[in-house]
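Structural overview
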Amino acid sequence: MSPVEMNLEARFDAYVAEEKKIEPKDWMPDAYRKTLIRQISQHAHSEIVGMLPEGNWISRAPSLKRKAILLAKVQDEAGHGLYLYSAAETLGVTREQMLDDLHTGKAKYSSIFNYPTLTWADMGAVGWLVDGAAIMNQVPLCKCSYGPYARAMVRVCKEESFHQRQGFQVMLNLAQGTPEQKAMAQDALNRWWWPSLMMFGPNDSDSPHSAQSMKWNIKRFSNDELRQRFVDMTVPQAELLGLTIPDSDLRWNEERGHYDFGEIQWEEFYNVIKGNGPCNKERLAARVKAHEDGAWVREAANAYAQKQQAKKTNATTHAA
Amino acid sequence: MTEGQHLQIILRLGDDALVLGQRLSAWCGHGPVLEEDIALSNTALDLIGQARNFYTLAAAREDQGRDEDQLAFFRTDKEFQNHLLLEQPNGHFGDTIVRQFFFSAFALERCAFLSRQLVDAEVAGIAAKAVKELQYHWEHAAQWIVRLGDGTTESHEKVQASIDHLWSYTGEFFNADEVDAAGAEAGLLPNLAVMRKAWNARVEACLAQATLTCPEDGWMQRGGKQGIHSEHLSYMLAEMQVLPRTYPDATW
Amino acid sequence: MSSTQHEWPLWEVFIRSRQGLGHKHAGSLHAADAEMAIQNARDVYTRRQEGVSIWVVPADAIAASSPDDKEVMFDPANDKVYRHPTFYKLPDEVNNM
């Protein structure tokens, strides 16, 4: 690193430490740019892959009101993916490149979406737990140091607030419904609880990128801190629903002022990341198919736009 | 127009909107670009909203203790009276756009009339909101018809094939049965022969701009309005209705 | 790769949220042409009635000030306090001006 760059980097660090925002054309360290591209594109991929498990139930939603709500929610996720891809594009990467990385398996997305949605209650559990965990992760990002990412997250968080509420409402209706409905809700909680806790990532002791990201104000709280917060928030909600969280080690710890909870099966977590989850192949195949099936449509629109442009140019040349 | 026919007209409006809304919602997550996922979902949401309004009105009018969901989830394919075009599968993006294009041109004209008629103020109220949505659906579909028709050779051929295939489902729009005739006579529904001219003008102008060929009229499929459907509808309903029919006592 | 296989161009979207306000940057999107960009902007950025008017601008048509000039561009305005209304102390009776 040259003395000039060292000087720039020191100024950058000081600037970020003062809680100031970095904008696209500002100087930034290469590693900062790369970290952001990786994180924001992963986040965008998670939004659009995340459309699939819930999209699965739009056609089978049990009332017209629920159908409209679920469709609006999954549509919002497309919007969130779009905001996030746009934020990443300000860093000099194209959406096409990012999609390529997703489709070839080079880029990751949140592993939670590799679990199947088996019953209608999963729409409740996903909204309540998965969106709940996502919000916990996302709210601090509204204050992250990179301006376009922070602004995208403000918009996302504003829209997300209805997602978790509708999920909880689905659960509440089921929990207060017929015995079959209540069993459906408990089953969904059983299947989604542990994967939701895994959404916060590995324990702090095993989280390789965390320290640098904290220093850059891209990450504001540690994985374990956020996970604890999520557990503390969710346990009373489960009690309100009259459902049982599937963890025999879960109990209030008076001394810590927090809930203690059991050990996460990290072996499963790493296997799902590696591609061995129940739906990894289907999810990726669905995204690739949509993209490939759409190629002729995208090309047609480009060809038409070029013809129109050529006509315009011709007209002005003739007029002149 | 008898009371029963009046009710049937409202139900048909709901059925058209729901069946197409259900079809379109399947694009969410599978469109050619993210922006188009969002656009098609908006259209689907508009249509589902229209269906709910018409069903709620129909349920109140028939006064048998049913609601929008009972009408959507507890009627058989025989009882659905939507136009056949709307239940046709999504196919590729061009098929979906052509289906949307043909229907939006029709629905927009019909809805504009419904919003102006003075026979049924509640139908007029629903239509007044819907007509703005349908105008947008029409513009969106028409723009795509032009892009696909005047895009690449591949897109031109594909979308022309979609048009040729789906054309035979458009005759049903204008093929008035007793209910349509009674509705038109009472002033609730438009005269379908007059509407046909407006529809043809719209569709032909856009196809010409898109360098596409409007097919000869030929044999037209019919039966949807009488509850005689293509094979596709009962599959669609089986999927759509599975939960309420499996758990008839549950509320969601 | 032929030229029609390129990604659709990027557009910047500006939304007027209420009558009487200026257009404000809302975000970006991809579209093949201006008509599509406006429709996409409507669908993406006004789903919750956020707007009454939309501008779309091809992202590459925007000329921007360079961040390295930030000090040159904006610091001189620092000492021109007379541009701000609070610079002028007026008698209480006219304080609503």
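These numbers were taken from a predicted model, which means no experiment stands behind them.

**Thoughts on the interface of chain C and chain B**
Contacts between the two partners involve 12 residues from chain C and, on the opposite side, 11 residues from chain B. For the pair chain C and chain B, the two sides together bury roughly 1,200 Å², of which 52% comes from carbon and sulfur. Sorting the residues of chain C by area buried against chain B places Q39(C), R42(C) and D43(C) first, and these three jointly supply 45% of that buried surface. In this structure, the connection of chain C to chain B is made through 1 salt bridge.

**Describing the interface of chain A and chain B**
Contact residues are listed per partner, giving 47 residues for chain A and 48 residues for chain B. When chain A packs against chain B, the two sides together hide about 3,900 Å² of surface, and 69% of this comes from carbon and sulfur. For the chain A face of the interface with chain B, the top three residues by lost area are L64(A), Q75(A) and W296(A), together amounting to 20%. Put simply, chain A and chain B have 2 salt bridges between them. Residue E35(B) is joined to R95(A) by a salt bridge in which the shortest nitrogen-to-oxygen separation is 2.7 Å. Counting every contact that joins chain A to chain B gives 14 residue pairs in polar contact (both at pLDDT 80 or more). At the level of elements, α3 (51-55), α4 (64-89), α7 (147-175), α8 (179-198), α12 (280-293) and α13 (295-319) of chain A are the ones that each hand at least two residues to the side of chain A that touches chain B. Among the residues making up the side of chain A that touches chain B, the classes are represented as 26 nonpolar, 10 polar and 11 charged.

**Remarks on helix α8 (residues 178-186) of chain B**
Residues and elements named next belong to chain B. Within α8, the full set of buried residues consists of V179, D180, A182 and G183. When α8 is viewed along its axis, its buried side chains cluster within an angular range of 165° and face the same direction. Away from the buried face of α8 by more than 90 degrees, exposed residues E178 and E185 are located. If you follow the buried residues of α8, they end up packed against α1 (3-25) and α9 (192-209). Sitting at the head of α8, D177 places a side-chain oxygen 3.1 Å from the backbone nitrogen of V179. Backbone geometry just after α8 places G187 at a positive phi near 90°.

Reading guide: rules and limits
- Note that residues are indexed from 1 along each chain, following the sequence as it is written.
- Note on labels: chains are lettered from A, ligands numbered from 1, in written order.
- Reporting in this predicted model follows two pLDDT cut-offs: at least 70 for local features of residues, and 80 or more for side-chain atom pairs to be given and counted; totals over whole chains, interfaces and linings ignore these cut-offs and use all residues.
- Note: side-chain values were computed over all heavy atoms of the structure, leaving out hydrogens and water.
- Only heavy atoms enter the contact rule, under which two residues are in contact if any of them lie within 4.5 Å.
- Defined in terms of a 1.4 Å probe, buried area is the accessible area two parts forfeit on being brought together, summed over both.
- Basic side-chain nitrogens of Lys or Arg form a salt bridge, by our definition, when they fall within 4 Å of a carboxyl oxygen of Asp or Glu.
- Whenever a nitrogen or oxygen atom comes within 3.5 Å of another N or O atom, the pair is scored as a polar contact, on the condition that within protein one atom can donate a hydrogen and the other can accept it, and that pairs from neighbouring residues in sequence are kept only if both atoms are in side chains.
- Numbering of helices and strands runs from the N terminus, with a helix taken as a DSSP run of H or I at least four residues long and a strand as a DSSP run of E at least two residues long.
- In this classification, the charged set is Asp, Glu, Lys and Arg, the nonpolar set is Ala, Val, Leu, Ile, Met, Phe, Trp, Tyr, Cys and Pro, and all remaining amino acids, among them Gly, are polar.
- Classification of residues uses two cut-offs on accessible area relative to the type maximum, computed with a 1.4 Å probe and protein chains only: under 20% is buried, over 50% is exposed, and between them is partly exposed.
- In this description, one arc is meant: the one made by directions from the helix axis to the C-beta atoms.

Scope: geometric values only; no functional claims are made or implied.
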